[in-house]
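# Secondary and tertiary structure notes
Chain by chain, the residues:
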2 protein chains.
Amino acid sequence: MNMFWDDYPQIKNELQDVNKIMIENVKTTEKYIEEPLTDLILSGGKMLRPAFLLLSSKFGNYNDKKHKNLAAVIEMLHMATLIHDDIIDESKLRRGNVTIQSKYGKDQAVYMGDYLFSKCFLMLSEDYSMENIKKISQSILKICIGEIRQHHFRFNKNVSLKRYLKIISGKTAALFAMSFTIGAKEADCDEKLSKKLGRIGYNIGMAFQIIDDILDYTANENIMGKSIKNDLKQGFFTLPLIYAILEGNNNLEDIIKKDSIDNQDVIEIINIVKNSDGIEKSKRLAIKYTNRAFKNIELLPESENKKIIYEITEKLLKRKY
Amino acid sequence: MNMFWDDYPQIKNELQDVNKIMIENVKTTEKYIEEPLTDLILSGGKMLRPAFLLLSSKFGNYNDKKHKNLAAVIEMLHMATLIHDDIIDESKLRRGNVTIQSKYGKDQAVYMGDYLFSKCFLMLSEDYSMENIKKISQSILKICIGEIRQHHFRFNKNVSLKRYLKIISGKTAALFAMSFTIGAKEADCDEKLSKKLGRIGYNIGMAFQIIDDILDYTANENIMGKSIKNDLKQGFFTLPLIYAILEGNNNLEDIIKKDSIDNQDVIEIINIVKNSDGIEKSKRLAIKYTNRAFKNIELLPESENKKIIYEITEKLLKRKY
């Protein structure tokens, strides 16, 4: 279990249950399917999405079995997108473990992701409302559109803040928002409260992705270095770089104009971005989204869970990994 | 529209409506998502699965809008699996058109497939029974397991008829069976009739895949040659080859023992298989499954649609492409 939840023993316990449900649900007589999925489950991600789903559901009629199952579905959906992401990034490692695409090949990774997707819908069809199945389908659609959009606009020299926000809104914020919303809806919270919780998720998701993109430039090279090299070589320009380009640095413009980016270019881009205001401006935008989340959190009914959501949001803003 | 349905104007018309529904459902403001999907829809596959779904539904209370929508979902699910298959096979062409993976890259193809999957579940959540959502999820699971299994056992020297049948039962027959079953179920057919229709679909699917695998060896090289080379190089051993290996040809065993298969090996394998009883035995098995389908068709209540299902099954057995 990830150390992230050490200060919150109850959530930690609940997430361990969610883990067990996931492990139970990927059990099959075909061990070569079960094992890599179990490894991924046990590799210890932060499990933010299921945690937020559970926290959100406690603003209504929390149902232990139902909500933990739903939390498992959300994390499994997230895992499915990770498996497919790794194919594209050709990532060798995920959470310190060898990725499915690297260990078993891209073929297996494509179908393992599909397998998880359909398993999720199977779990949903057992016990949940049509409305939530619809909401979940819509969110996955948004994630896909975000990813397709990101790929479509790669190496696009006309960078745009608006387009970047649209991309991360799809590929990251949508699932955070949905985790909050369906947790609340399945607990019979009214429309207004569910929407408020969804907005909190959306803003946390936006801040989360921006901070991820900042950490690519600022964190220890061993931790994050590979990711940024990969992004740049694929032509994905994230926020710190976009701000630096918009500042109008000639050297940067020359590199960006190229059709492909090599190792030397990557080093130069990172240096230029670090010496620009790109990182500072990105931080300010992350703080803006976090503040929007705080403002919505303040409007929630008083409870211990409200306090926890607040603290977690703060913790995510300050994280260094 | 594929010429396959020229003798059945009513089905042809209905399938054209299904095509329109699909085109309507992939419409989006992001033209770079809509266009490749529309191209794939218009590329004129046989649309066997939606046709069987519609034919099956007419044994109960056929509902024009509901069943055509459901038929569109089934064909879109099939398309999603094709898009993901093409990534793995690195196929350049599909139905004579450039594949999404070849034109837009593997990244786009992964997410385009995922996009279609989630779109299907969104369509299902609008109007269909939880039971059918469950059935569909189960069938996709089976397809994924079939594909993962096929990949897991590639280059496996201990070929087995049983394993081959298990693989094609998942990757092909499951979706045929499901098309018949949910067509019937959504038309309120009773359990017994729905199951009977499902069995027809299963047997047609098994025969269909075996014939596909035979045609790889016997059809005009330009049409099918690439596919068999691809399969062999990936270590996928299909029925005609499995029978030939089981006959105990020493030359064949020597080639199969290798860890990779080159162009010269492929030519030799094809020759050995053609000179063995592999193709004849495979044909006999295809006829066996077709006969099982016929037997179940005969048990259906008399109607024009029963006759059509019979004729189509016959036509599929005799097809040359």
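Residues numbered from 1 in each chain as written. Chains lettered and ligands numbered in written order. Predicted model: local features only at pLDDT ≥ 70, side-chain atom pairs only at ≥ 80, totals over all residues. Heavy atoms only, no water.

Stated precisely, the cut-off is as follows: UniProt positions are given in the numbering used here, feature names are shortened, and annotations may be inferred rather than shown by experiment.
Named according to an unreviewed UniProt entry, chain A is Polyprenyl synthetase family protein originating from Senegalia massiliensis. According to the UniProt record, the Sequence similarities (unreviewed entry) comment for chain A is "Belongs to the FPP/GGPP synthase family." UniProt annotates chain A under Cofactor (unreviewed entry) with the comment "Mg(2+)".

### Here we look at the overall build of chain A
Here is the rule: Strands here are runs of E lasting at least two residues and helices are runs of H or I lasting at least four, both read from the DSSP assignment and numbered beginning at the N terminus. We call a residue buried when its accessible area falls under 20% of the maximum for its residue type, exposed when it is over 50%, and partly exposed in between, using a 1.4 Å probe and counting protein chains only. Whether two residues touch is decided by their heavy atoms; if any such pair falls within 4.5 Å, the residues are in contact. The accessible surface values rely on the Shrake-Rupley method and a 1.4 Å probe; as for residues, cover is taken only from the protein chains in view. Residues scored as positive are Lys and Arg, those scored as negative are Asp and Glu, and His as well as the terminal groups of each chain are ignored. Charge positions are represented by NZ for Lys, CZ for Arg, CG for Asp and CD for Glu.
Within chain A, the regular secondary structure consists of 15 helices and 2 strands. Each principal axis of the C-alpha distribution contributes one length, and for chain A these read about 60 × 50 × 35 Å. Looking at chain A as a whole, 61% of its 321 residues qualify as buried. If you take every contact in chain A between residues at least 6 apart in sequence, the share linking residues at least 24 apart comes to 73%. Summed over its atoms, the accessible surface of chain A is roughly 13,300 Å², and 48% of this surface lies on carbon and sulfur atoms. The averaged location of the 44 negative side-chain charges in chain A is 4 Å from the averaged location of its 49 positive side-chain charges.

### What to know about the domain arrangement of chain A
All names here are of chain A. How we decide: Start and end positions for the domains come from either an automated domain assignment or a database one. In this description, buried area is defined as the sum, over both parts, of the accessible area (probe of 1.4 Å) that is lost when the two are combined. The term salt bridge refers to a side-chain nitrogen of Lys or Arg lying within 4 Å of a carboxyl oxygen of Asp or Glu. Counting of polar contacts relies on pairs of N or O atoms within 3.5 Å, with two restrictions inside protein: one atom must be capable of donating a hydrogen and the other of accepting it, and residues adjacent in sequence are counted only when both atoms are side-chain atoms. We call Asp, Glu, Lys and Arg charged. Ala, Val, Leu, Ile, Met, Phe, Trp, Tyr, Cys and Pro are nonpolar, and the rest, Gly among them, are polar.
By the assigned domains, chain A splits into domain 1 (1-128) and domain 2 (138-321). Computed over C-alpha atoms only, the centres of domain 1 and domain 2 are separated by 22 Å. Each partner contributes residues to the interface: domain 1 has 31 residues there, and domain 2 has 34 residues. Between domain 1 and domain 2, a total of about 2,900 Å² is buried, with carbon and sulfur atoms accounting for 70% of that surface. Applying the counting rule to domain 1 against domain 2 returns 1 salt bridge. Counting across the interface, domain 1 meets domain 2 through 6 residue pairs in polar contact (both at pLDDT 80 or more). Looking at the side of domain 1 that touches domain 2, the elements that each hand over two or more residues are α3 (48-57), α4 (64-89) and α6 (106-127). Of the residues in the side of domain 1 that touches domain 2, the class split is 17 nonpolar, 7 polar and 7 charged.

### Side note on the pattern of salt bridges
Side chains carrying opposite charge are able to pair once their charged atoms draw close together. Scanning the model with the defined rule gives 32 salt bridges over all chains in all. Asp-17 of chain A is the partner of Lys-68 of chain A in a salt bridge, and the nearest nitrogen-oxygen pair spans 2.8 Å. In this pair, Lys-68 of chain A sits in helix α4 while Asp-17 of chain A sits in helix α1 (residues 9-25), placing the two residues 51 residues apart along the sequence. Look at Asp-17 of chain A and you get partly exposed, because its relative accessible area is 27%. For Lys-134 of chain A, the salt bridge identified is with Glu-126 of chain B, shortest N-O distance 3.3 Å. Of the two residues, Lys-134 of chain A is situated in helix α7 (residues 130-152) and Glu-126 of chain B in helix α6 (residues 106-127); the pairing between them involves two chains. Among the charged side chains, a network of salt bridges with common partners joins Asp-17, Lys-20, Asp-64 and Lys-68 of chain A.

### Topic: the interface of chain B and chain A
Taken together, the contact pairs 42 residues of chain B with 41 residues of chain A. Taking both partners together, chain B and chain A bury about 4,000 Å²; carbon and sulfur atoms supply 71% of that area. Our count for the chain B to chain A interface comes out at 4 salt bridges. Measuring nitrogen to oxygen at the nearest pair gives 2.7 Å for the salt bridge that ties Arg-149 of chain B to Glu-30 of chain A.

### A word on the relation of the copies chain B and chain A
Short version of the rule: Alignment of the copies relies on least squares applied to C-alpha atoms, considering only residues that score at least 70 for pLDDT in both.
With an RMSD of 0.0 Å, the operation that places chain B on chain A is a rotation of 180° combined with a shift of 0.0 Å along the axis. These values place the two chain copies in the arrangement generated by a two-fold rotation axis. Looking at the interface residues of chain B, 98% of them are also at the interface in chain A, so both copies use one shared face.

### A short note on the side chain of Glu-14 of chain B
All names here are of chain B. Here Glu-14 lies in helix α1 (residues 9-25). Among the residues examined, Glu-14 registers a relative accessible area of 7% and is labelled buried. Setting aside chain neighbours within four positions, we find Glu-14 in contact with Leu-54, Lys-58, Tyr-62 and Lys-68.

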